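Single-letter residue listing:
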Amino acid sequence: MTLPVSVVLTIVLGFAGTALLFKTVSDLESEKNLADFQQRAAVRIAVVGEGLAKAEELLRNVNLSFETSEVVSREEFALITKRLLSRTPAIQSVSFQRIISGAQRPEYERTMREKFPGISIERWTKGVRLPATQQDSYRVIDYIEPANENRAAFGLDTSHAGPLADAVARARDTGLPSATELVTLPQGKATPDGVVLFMPTYRRGALLDTIAARRAAVTGYTSVAFRSGELVQHVLTKAALLEPNGLPLKVYLGTDRRERNLVFRSGDAADRDAAASSPWGLLPYPTPQEISKQFDIAGKTWQLIVSPPPNAFLPNRLGSFLTLMAGVLATLWGAASLQKLSTRARRTEHIIDQRNEELKQSNSLLTQELAARREMQQALLLRERAIESSANAIIISSAQAPDYPIIYVNPAFERITGYQAHEVMGQSCRFMRGDDHIQTGLEEIRAALREQRPGRAILRNYHKDGTLFWNDLYLSPVKDADGIVTHFVAAQYDITEMKRYQAELEIQASRDTLTGLANRHLLDDRLKKAIAHADRYRNSVWVLIFDLDRFKLINDSLGRHAGDIVLKTVASRLKSSAREIDTIARFGADEFVLILPQQSDSNLNTDIVQRIMNAVSEYIIVDDRELHITSSVGIAVYPADGNDAEALLTHAGIAMYRAKENGRNNFQFYRSAMNERALDRLRIEGELHSALERGEFLLHYQPQVDLGSGKIVGMEALIRWLHPTLGMISPLNFIGLAEDTGLIVPIGAWVIRTACMQNKAWADAGLGQLRVAVNLSARQFAQKNLVAMIAEVLQESGLAPDRLEIELTESLIMSDVQQAILTLEQLKELGVLLSVDDFGTGYSSLSYLKRFPIDTLKIDQTFVHDITHDADDAAIVDAIISLAHNLRLTVIAEGVETEDQLNYLRLQGCDEIQGYYFSRPVPSDAFEALLRSRIGLEILHSKLAKRS
């Protein structure tokens, strides 16, 4: 049967209109669904990447404890890992694998059996745990936590574990974390689904500038083992991202997508295929492409693939589907109606004859027009309902420039912005941006309006209550039948949460977690920008490195909690002292960097540096203790001291070490000559590590003479370093290095033992009951076993305790007064003598001095030098002598070089002297000769008189 033209035309126009409306609504849905999919995929990628990175971060934190401590005990290791594992529960084990030589094996196994009976070094051989055969070295799992769950791995030798070899070698040669391929862990399943991260520990103080040096210095490895699939599932579950119908997700170790490298999978592609074969799959809906992301963890590439959800977003296509169905049904109904009317008209034609032909045709045309109007009304109604039901804000505005007044907003707009429709009608959309006029996306929207074309931009808008929200704006022109643009349609997508999450990630990537200051990454960026700005405007940039003096003593004696309080307090003071344009960063454990950009060199002088140092040095109260923190500061200036960030930081660091060499608590500007001095420092530091083992240290002794009797009553033991090629090295050139590296502790113990042994030998030889004075450094004084070590030396040497005098400086005992008093009282219980060296140069309070159980005050030589012709120095010396005698203390004057100085001190009642006037520090054989000659002040005077 041939259809009438009107019916055919109705079907064609109806289907065409339906297709156009379907396409418009479907495009809006597609854009929203794609944005939603990309956002959900980005969240999962970020969560998985962060979760895997936490495993590496945990390894670095564990390894850091071995770098910053001389010895990490099993209890400390358990405490550290327990705290770290509590934040990352999906980790199977954290271990320390110690390198044991074949010669050390018997002693190591004997020591371990004292704590763990029956333990021995063993190895997995064909699935059976057997004692390890004799070999040159072993890599033994010495510490492992959690201990109970990983007991099967304790004591294992892993040096022949093939799957681990590449990662271990790579970690050893680079010094960086290194991950294995998928391996089978001994604690669980037999399938290879575990990953182990290794990081080496090196001998403290060893040079690590070459691969050969790192191989020679390695002492063991810290490692973190985890089941990759379980770790990924844990972080996704914790973030509530493993919903039943969530996005299909796959994680591979490496770039190869083979099944053997697959570590985690969620969702099923079969669900997506079933959805595509359903009636929904026949509709022309686009399917988003899968998203792939690669990132590196511990030297290994991980690949994460996020696929579209199995239903291909079909539940979110209801608007377009209903549009399509309603359009088709309306078209078919109109066509059927027309066909029915047409049939009826033909029957009427046969009844009323050909004379009514014109009337029939008129009726037919009228019927078609009415049907077209009904169809148009239905289509318009459907469009309006689709827009009203949209979850995103829809705005329709007039194309009348320049305001483009609003003529319609949907309910989603009211819900998102807080404005009611009647409040915005006739207004320009500009009111939504408030006073925030400077936005990059605004120019794109203005251009789209001018050129009457589609446009897209991300803008900052403001709710009715003034709060900010971000929106992704899509703008499209609407044309009339003549092709003239009469309106614009804008769709707003609220992306505030995505922006907030991105901002949080950026903050975490650029800020130090403890202090909130800039980290190294942000510091490098800010310094490069400051250099570029200075280069453009011919200004200078000052780079300051602040290093807290003796900060490690606070951590060692009071714990890391106290150290964290000090670091946060110092960071706060630095921020308060700096300007808004300055950048403050935490550069290392106790190092801070300040970038001071300037208009010109004249605008910045050293007053600001001293002001910042003074602010840092104010007392800090920690656990009812007053801590006095000083800093050593190195300064490099752009462009004089370097043209790039690395050079400026390096030179500022060299200047900072120069400040430390000059006694700490001062600042130094970089000079080119410091490079050579820094190289000498590195060389001496390297030699210092083996000087004690090679027996290159020796002691010189300087007599201490009683002014009443004129006899030698004691001596001060002074260390010297006789290097085989460099000759005699002054203590000024190596004591500071020994203090910084921690070598001062074994060196100091050697000095005390050697001095006590020598003094006892002279006493046994009948040369008198003399006291020997030994200086203690700050690091020695902070030792927890200091008193026990001195007691052991006294017992071993047989020297009477009152024949040993411990010398301490004012600054040392004032840095932590309460702890100093406790340690001094314990030393006094041993019976040793205590003296304060360099008295008058520090910052002692007389109220504290009265509380210290000391026996002697030593007047610093800087006051003695000018006492005969400087009234101020003479007054200071007189006051110290009077103060000491009132406190029933002995007074020793250092640096006595002339007879006039001697006579003045004798006249003022000084008890003893020490200095070149009587004798320089001399080797032990020369000092013994002095004792045997029974030389005293009177004999010395007569000898000098004969020479003159």
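Our structure's up above, just so we're on the same page.
None of these values were measured; they are calculated from a predicted model.

*Asks:* Can you walk me through helix α18 (residues 645-661) in this structure?
*Replies:* An α-helical turn contains 3.6 residues, so any two residues separated by three or four positions project in the same direction. The end-to-end C-alpha distance of α18 is 25 Å, a good match for the 24 Å that 17 residues give at a rise of 1.5 Å each. α18 sits mainly inside the fold: 12 of its 17 residues count as buried. Along α18, the residues that are buried comprise A645, A647, L648, L649, H651, A652, G653, I654, A655, M656, A659 and K660. Capping the start of α18, D644 holds a side-chain oxygen 3.2 Å from the backbone nitrogen of E646, two or three residues further along. Directly beyond the C-terminal end of α18, a positive phi value near 105° is found at G663.

*Asks:* What is the right way to look at the packing of helix α23 (residues 786-797) against helix α25 (residues 817-830) in this model?
*Replies:* Helix-helix packing is characterised by the crossing angle of the two axes and by the distance between the axes. Put simply, α23 and α25 touch, their axes get as near as 10 Å, and they point 15° apart. Viewed along their axes, α23 and α25 adopt a mutual orientation that is roughly parallel. Once α23 is placed against α25, the crossing between them reads as right-handed. Judged by residue contacts, L786, V787, I790 and A791 of α23 engage T823, Q826, L827 and L830 from α25. Looking at the contact of α23 with α25, its residues break down into six nonpolar, two polar and no charged.

*Asks:* In this structure, what is going on with the sheet that holds strand β7 (residues 218-227)? I would like to understand it.
*Replies:* By definition, the strands of a sheet pair up through backbone hydrogen bonds, in either a parallel or an antiparallel sense. Strand order in this open sheet of five strands is β4-β1-β7-β6-β5, and the pairing throughout is antiparallel. Where the open sheet ends on each side, the last strands, each with one partner, are β4 (137-145) and β5 (178-179). Both strand β6 (residues 194-202) and β7 contribute to a ladder of nine bridges, which runs antiparallel. When the bridges of β7 are listed, L197 appears paired with V224. Contacts from helix α2 (residues 74-87) reach β1 (91-101) and β4, with the element oriented near 60° to β4. Its contacts with the sheet put helix α4 (residues 162-174) on β4, β5, β6 and β7, and the angle it makes with β6 is roughly 30°.

*Asks:* Even after reading the chapter, I still don't get the environment of T18, so can you show me in this structure?
*Replies:* Relative to the elements of secondary structure, T18 occurs in helix α1 (residues 5-68). Taking the C-alpha atoms as reference points, T18 and T323, 305 residues apart in sequence, are found 7.2 Å from one another. Residues within four places of T18 in sequence aside, it is in contact with T323, L324, G327, V328 and T331.

*Asks:* Sorry if this is basic, but what is going on with the side chain of E122 here?
*Replies:* Inspection of the secondary structure assignment puts E122 in strand β2 (residues 122-125). Its relative accessible area of 18% is what places E122 among the buried residues.

*Asks:* Would you explain the pairing of strand β9 (residues 262-266) in this entry?
*Replies:* For a regular strand, side-chain orientation follows a simple rule: the groups alternate between the two sheet faces. With four of five residues buried, β9 is to be regarded as a mostly interior element. Bridge count between strand β8 (residues 249-253) and β9: four bridges; the pairing is antiparallel. For Y252, the partnering residue across the bridge sits in β9 and is L262.

*Asks:* What is the right way to read unusual backbone geometry from this model?
*Replies:* Note on backbone geometry: most residues besides glycine have negative phi, and most peptide bonds are trans. With an omega of -5°, the peptide bond running from E145 to P146 counts as cis. Mapped onto the secondary structure, P146 falls in the loop between β4 and α4. Across the junction of A401 and P402, the peptide omega takes the value 0°, indicating a cis bond. Structurally, P402 is set in the loop between β12 (393-398) and β13 (406-409). The phi torsion at R888 lies on the positive side, around 60°, for a residue other than glycine. Take R888: it is sitting in the loop between α28 (871-886) and β31 (890-894). R888 sits in the exposed class, given a relative accessible area of 75%.

*Asks:* Please clarify how the pairing of strand β24 (residues 697-706) should be interpreted in this entry.
*Replies:* The buried count for β24 comes to eight of 10 residues, which makes it a mostly enclosed element. Pairing between β24 and strand β25 (residues 712-723): nine bridges, direction antiparallel. By the bridge assignment, L699 is partnered in β25 with I719. The turn linking β24 back onto β25 is made up of five residues, and G710 within it adopts a positive phi angle of 80°. Here β24 runs beside strand β33 (residues 922-923); their pairing, made up of two bridges, is antiparallel. From the neighbouring strand, Y701 faces β33, where its bridge partner is V922. Bridge count for β24 against strand β32 (residues 912-914) is two bridges, and the pairing is antiparallel.

*Asks:* What's the story with helix α12 (residues 440-451) in this structure? I'm lost.
*Replies:* Along α12, the positions that sit buried rather than exposed are G441, L442, I445, A447, A448 and L449. Just beyond α12, the residue with positive phi is Q452, at close to 50°.

*Asks:* What's the story with the nonpolar core in this structure? I'm lost.
*Replies:* Side chains of nonpolar character tend, in soluble globular proteins, to be buried together. One finds L688, F781, I790, L804, L905 and F927 to be the most contacted residues of the largest nonpolar core, which totals 85 residues. Looking at this core, the element that brings in the most residues is helix α21 (residues 744-764), giving nine residues. Ignoring any residue separated from it by four or fewer positions in sequence, one finds F927 in contact with Y701, Q702, P703, I712, G714, M715, W762, L770 and V922. Membership of the second largest hydrophobic core comes to 45 residues, among which are I45, V235, L247 and A298.

*Asks:* Is there a simple way to think about the environment of H869 in this case?
*Replies:* With respect to the helices, strands and loops of the structure, H869 is situated in the loop between α27 (861-864) and α28. Here H869 falls in the exposed class, since its relative accessible area comes to 61%. Side-chain polar atoms of H869 contact the side chain of D866, separated by 3.1 Å. One polar contact links H869 to T868, side chain to side chain, over a distance of 3.4 Å.

*Asks:* Before we go on, may I ask you to explain a positive patch on the surface in this structure?
*Replies:* A surface patch of like charges, here positive, comprises K54, R83, R87, K238 and R560. Structurally, the position occupied by K54 is in helix α1.

*Asks:* Help me out: how do you make sense of the packing of helix α14 (residues 520-537) against α18 in this one?
*Replies:* Orientation of α14 relative to α18, taken along the N-to-C sense of each, is 105°, at an axis distance of 9 Å. In terms of axis orientation, α14 runs roughly perpendicular to α18. Contacts between α14 and α18 pair L523, D524, L527, K528 and I531 from the former with A645, L648 and L649 from the latter. Looking at side-chain class alone, the contact of α14 with α18 contains six nonpolar, no polar and two charged residues.

*Asks:* Any chance you could explain the packing of aromatic side chains here in plain terms?
*Replies:* Two numbers describe a pair of aromatic rings. These are the distance of the centres and the angle of the planes. Across all of its chains, the model carries 18 aromatic pairs by this definition. Both rings, one in F198 and one in Y221, keep their centres 6.5 Å apart while their planes meet at 90°; by these two values the pair is edge-to-face. Residue F198 is located in strand β6, and its partner Y221 is located in strand β7; the two are separated by 23 residues in the primary sequence. Both residues of the pair, F198 and Y221, count as buried. The ring of Y143 carries R98 above its face, with NZ or CZ at 5.7 Å from the centroid. Against the face of Y221 rests R139, its NZ or CZ located 5.9 Å from the ring centre.

Cut-off values and rules
- Residues numbered from 1 in each chain as written.
- Predicted model: local features only at pLDDT ≥ 70, side-chain atom pairs only at ≥ 80, totals over all residues.
- Heavy atoms only, no water.
- Helix = DSSP H or I, 4+ residues; strand = E, 2+ residues; numbered from the N terminus.
- Expected span 1.5 Å × (residues − 1).
- Buried < 20%, exposed > 50% of the residue type's maximum accessible area, 1.4 Å probe, protein only.
- Polar contact = N/O pair within 3.5 Å; in protein donor to acceptor, adjacent residues only side chain to side chain.
- Axes fitted to C-alpha atoms, helices over the stretch in contact; angles between N-to-C directions.
- Parallel < 35°, antiparallel > 145°, perpendicular 65-115°, else oblique.
- Left-handed = near helix turned anticlockwise from the far one by under 90°.
- Contact = heavy atoms within 4.5 Å.
- Nonpolar A, V, L, I, M, F, W, Y, C, P; charged D, E, K, R; others polar.
- Pairing = 2+ DSSP bridges.
- Core = buried A, V, L, I, M, F, W, Y, C linked by side-chain atoms within 4.5 Å.
- Patch = residues over 30% accessible without salt bridge, like charges linked within 9 Å, V, L, I, M, F, W, Y side chains within 5 Å.
- Areas by Shrake-Rupley, 256 points an atom, 1.4 Å probe, with all protein chains shown as cover.
- Salt bridge = Lys/Arg side-chain N within 4 Å of Asp/Glu carboxyl O.
- Lys, Arg positive; Asp, Glu negative; His and termini not counted.
- Charge placed at Lys NZ, Arg CZ, Asp CG, Glu CD.
- Phe/Tyr/Trp six-rings, centres within 6.5 Å; stacked < 30°, edge-to-face > 60°.
- Lys NZ or Arg CZ within 6 Å of the ring centre and 35° of its normal.

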